[in-house]
Amino acid sequence: GLLHYELIHYNATRINKILQDDPDLPFILDSFAGDLFQGFALIVDLFDMELKALVDNAMADIGAFYIAFMIVTFGGVYLVLFNKAVKESMLEGDRARAFVARIPAHTMNELEIHTLAFIFQAQAGDHHA
């Protein structure tokens, strides 16, 4: 595993001597002193980007589920209403045929009888004859 140090002992006089002898070392230490905080900031930015991507994907999925739900709901209602409308129109056709059947044909001339028969005669494919 990783080693964990609570306290590191060092020779301060030796480090001060190295810092005084090497002209580049103090510049490097001063230049990169903020790297730790910049690194933490980059990690936080990375987490924020990942969180935003995750939330955006979740919202897109929720939107897709909502659209599918609305299509199924409206489609189901439309099919029920359409089916009911077709049944009602078939019943209305049956009622019209029953009405025509009750008309006294002996009071009409031949042209009127043929006209009514043509209007209310079952068409090809109509099973409600």
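As the structure is a prediction and not an experimental result, all values here were calculated from the model. (Residues numbered from 1 in each chain as written. Predicted model: local features only at pLDDT ≥ 70, side-chain atom pairs only at ≥ 80, totals over all residues. Heavy atoms only, no water.)

K.L.:
I'm lost on the overall build of the protein in this one. Help?
P.N.:
Across its full length, the protein holds 4 helices and 0 strands. Secondary structure of the protein in N-to-C order comes out as α-α-α-α. Going through the 129 residues of the protein one by one, you find that 2% of them count as buried. On the protein, roughly 11900 Å² of surface is accessible, and the fraction owed to carbon and sulfur atoms is 69%. (Helix = DSSP H or I, 4+ residues; strand = E, 2+ residues; numbered from the N terminus. Buried < 20%, exposed > 50% of the residue type's maximum accessible area, 1.4 Å probe, protein only. Areas by Shrake-Rupley, 256 points an atom, 1.4 Å probe, with all protein chains shown as cover.)

K.L.:
What is the right way to look at the packing of aromatic side chains in this model?
P.N.:
One pair of aromatic rings is described through two measures. These are the centre distance and the angle between the planes. According to the stated counting rule, one finds 1 aromatic pair in the structure shown. Taken together, a centroid distance of 6.0 Å and an interplanar angle of 20° make the contact between Tyr 78 and Phe 82 stacked. Remark: Phe 82 and Tyr 78 occur in helix H3 (residues 35-102); sequence separation between them is 4 residues, near one turn of the helix. With a relative accessible area of 54%, Tyr 78 lands in the exposed category. (Phe/Tyr/Trp six-rings, centres within 6.5 Å; stacked < 30°, edge-to-face > 60°.)

K.L.:
Help me out: how do you make sense of the pattern of salt bridges in this one?
P.N.:
On inspection of all chains with the given rule, the structure shows 3 salt bridges. When the shortest N-O distance is used, the salt bridge between Asp 21 and Lys 17 registers 3.0 Å. In this pair, Asp 21 and Lys 17 are both assigned in helix H1 (residues 12-21), 4 residues apart and thus about one turn of the helix distant. Both residues of the pair, Asp 21 and Lys 17, belong to the exposed class. (Salt bridge = Lys/Arg side-chain N within 4 Å of Asp/Glu carboxyl O.)

K.L.:
I would appreciate a short explanation of a nonpolar patch on the surface in the present structure.
P.N.:
Where nonpolar side chains cluster on the molecular surface, the patch consists of Leu 51, Leu 54, Val 55, Met 59 and Ile 62 and spans about 510 Å² of accessible area. With respect to the secondary-structure elements, Leu 54 resides in helix H3. (Patch = residues over 30% accessible without salt bridge, like charges linked within 9 Å, V, L, I, M, F, W, Y side chains within 5 Å.)

K.L.:
Looking at this model, I keep getting lost on the environment of Ile 113. Mind explaining?
P.N.:
Structurally, Ile 113 can be placed in helix H4 (residues 110-120). Linking Ile 113 and Ile 103, residues 10 residues apart in sequence, is a C-alpha distance of 9.9 Å. In contact with Ile 113, other than residues within four places in its own chain, are Ala 105 and Met 108. (Contact = heavy atoms within 4.5 Å.)

K.L.:
Sorry, what's going on with the environment of Ile 103 here?
P.N.:
Within the element layout of this structure, Ile 103 appears in the loop between H3 and H4. Excluding residues within four positions of it along the chain, Ile 103 makes contact with Met 108 and Leu 116.

Just geometry here; none of it tells us what the structure is for.
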